[in-house]
Amino acid sequence: MELTAVSALHYSCADLTHILEHCFQDYFVPIALTPETFALRFGAEGMSMEDSRVWQHNGEPVAIAIIARRPDAARLAAFAISPAYRGKGLAKSMLAPLFATLKASGIHRLYLEVIGANTAAIGLYQSLGFAITQGLTGFKAESPEPTPKADLQPATTDALLRAVFNAPPLNLPWLLDPLMLTRLPCEILTDNTGAWAAITTQTLTPQLRLVFVEPASRGQGHARSLLQTINARYPGISTPTALPAQFAPLFIGAGFQPLPMTQHEMIWDASAPLYPRAGS
């Protein structure tokens, strides 16, 4: 089957939104976006229109890959094939040339997230040289304790970013990068003792996007106290399914419960071959 790869530059935001929704039909997590929310979400993630692709068959879009990009790193932010073209072994023939093009353009590391139960996709990405680096999960606030534990005050995104970048670098998943907060409508809160929270408001329900404690204030219970207060102030608030699983005890201890879906972060690194050797 002959497919033609076309840069996303050839499509409008409305077109890409429609193609994405169509291709994600009957997947683990269907996508429903407006062109405005498409632009806001993927713009904040660093979408590169030039590097993103739509695959056509007889002139009709049948698959899409959204690529987010930073100077020497990129992320497969979304990839889906329309229902009629699944199960035909096309995914690898689409992604392999795309990843090779990214590598040739100076990308040294590629990221993606895949749902933990999607074993077929995990196998596909492993065959393309990706390795699982950590488990990712999300949390939802449940029954709060009667009294909030911290007195939170509003702050600015700039103030939070200054605190973050004055600390040692954080090794966070792509979707938790604090710089994304400059592109999203959000509420910044602090307890004025070195603990910060960022709550994004672009969706129908607010989402806890970042919790940060300055180095001098760590180990004193500030993060748990802040989370308990958010639990009480924002009933039912959830996080993205992008938090490293190592933070589960902190969130559970503050009255949050894990979301049912989990993900794996997978990374391809330039120090390893792009494609494993046969038999590896």
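Residues numbered from 1 in each chain as written. Predicted model: local features only at pLDDT ≥ 70, side-chain atom pairs only at ≥ 80, totals over all residues. Heavy atoms only, no water.

1. Things to note about the confidence of the model for the protein chain
In step 1: When pLDDT is averaged along the protein chain, the result is 93; 95% of the residues meet or exceed 70.
In step 2: Contacts from residues 274-280, a stretch scored under 50 in pLDDT, to residues over four places away or in other chains number 14 contacts. (pLDDT = per-residue confidence, 0-100. Contact = heavy atoms within 4.5 Å.)

2. Describing the sheet that holds strand β6 (residues 131-137)
In step 1: Ordered by their spatial adjacency, 8 strands build an open sheet running β1-β2-β3-β4-β5-β14-β6-β12, and the pairing between neighbours is mixed. The open sheet has two edge strands with one neighbour each: β1 (4-7) and β12 (243-244).
In step 2: Across 8 bridges, strand β3 (residues 60-70) lies against strand β4 (residues 73-81) in antiparallel orientation. Its bridge partner being in β4, Ala-65 is matched across the sheet by Phe-79.
In step 3: Here helix α1 (residues 13-23) sits on the sheet in contact with β2 (53-57), β3 and β4, set at roughly 110° to β3. (Pairing = 2+ DSSP bridges. Helix = DSSP H or I, 4+ residues; strand = E, 2+ residues; numbered from the N terminus. Axes fitted to C-alpha atoms, helices over the stretch in contact; angles between N-to-C directions.)

3. A look at the packing of helix α3 (residues 91-104) against helix α4 (residues 119-127)
In step 1: Contact pair α3 / α4: the axes reach a minimum separation of 11 Å and the direction vectors enclose 40°. The angle between the axes of α3 and α4 places the two elements in the oblique class. Pair α3 / α4 crosses with right-handed handedness. On the side of α3, the interface is formed by Ala-91, Lys-92 and Leu-95, while α4 contributes Leu-124, Tyr-125 and Ser-127.
In step 2: Along the lines of polarity and charge, the residues of the contact of α3 with α4 split into 4 nonpolar, 1 polar and 1 charged. (Parallel < 35°, antiparallel > 145°, perpendicular 65-115°, else oblique. Left-handed = near helix turned anticlockwise from the far one by under 90°. Nonpolar A, V, L, I, M, F, W, Y, C, P; charged D, E, K, R; others polar.)

4. A closer look at the side chain of Gln-207
In step 1: If you trace the backbone, Gln-207 turns up in strand β11 (residues 207-213).
In step 2: Ignoring sequence-local partners within four residues, the contact set of Gln-207 consists of Ala-198, Ile-199, Thr-200, Ile-237, Ser-238, Thr-239 and Pro-240.

5. Notes on the pairing of β6
In step 1: Where β6 and strand β14 (residues 263-269) come together, 5 bridges link them in antiparallel fashion. Following the sheet pairing, Ala-131 is matched in β14 by Ile-267.
In step 2: Pairing of β6 with β12, which is carried by 2 bridges, proceeds in the antiparallel orientation. Bridge pairing links Thr-137 to Leu-243 in β12.

6. Quick look at the pattern of salt bridges
In step 1: Inspection of every chain in the model, using the stated rule, returns 6 salt bridges.
In step 2: For Arg-41, the salt bridge identified is with Glu-45, shortest N-O distance 3.4 Å. Taken as a pair, Arg-41 and Glu-45 lie in helix α2 (residues 35-45) at a separation of 4 residues, close to a single helical turn.
In step 3: What makes Glu-45 buried here is its relative accessible area of 6%.
In step 4: Here Asp-269 ties to Arg-109 by a salt bridge, and the two come within 2.8 Å at their closest N and O atoms. With Asp-269 in strand β14 and Arg-109 in strand β5 (residues 109-115), the pair connects residues that are 160 residues apart, well separated along the chain.
In step 5: The exposure class of Asp-269 is partly exposed, given its relative accessible area of 23%. (Salt bridge = Lys/Arg side-chain N within 4 Å of Asp/Glu carboxyl O. Buried < 20%, exposed > 50% of the residue type's maximum accessible area, 1.4 Å probe, protein only.)

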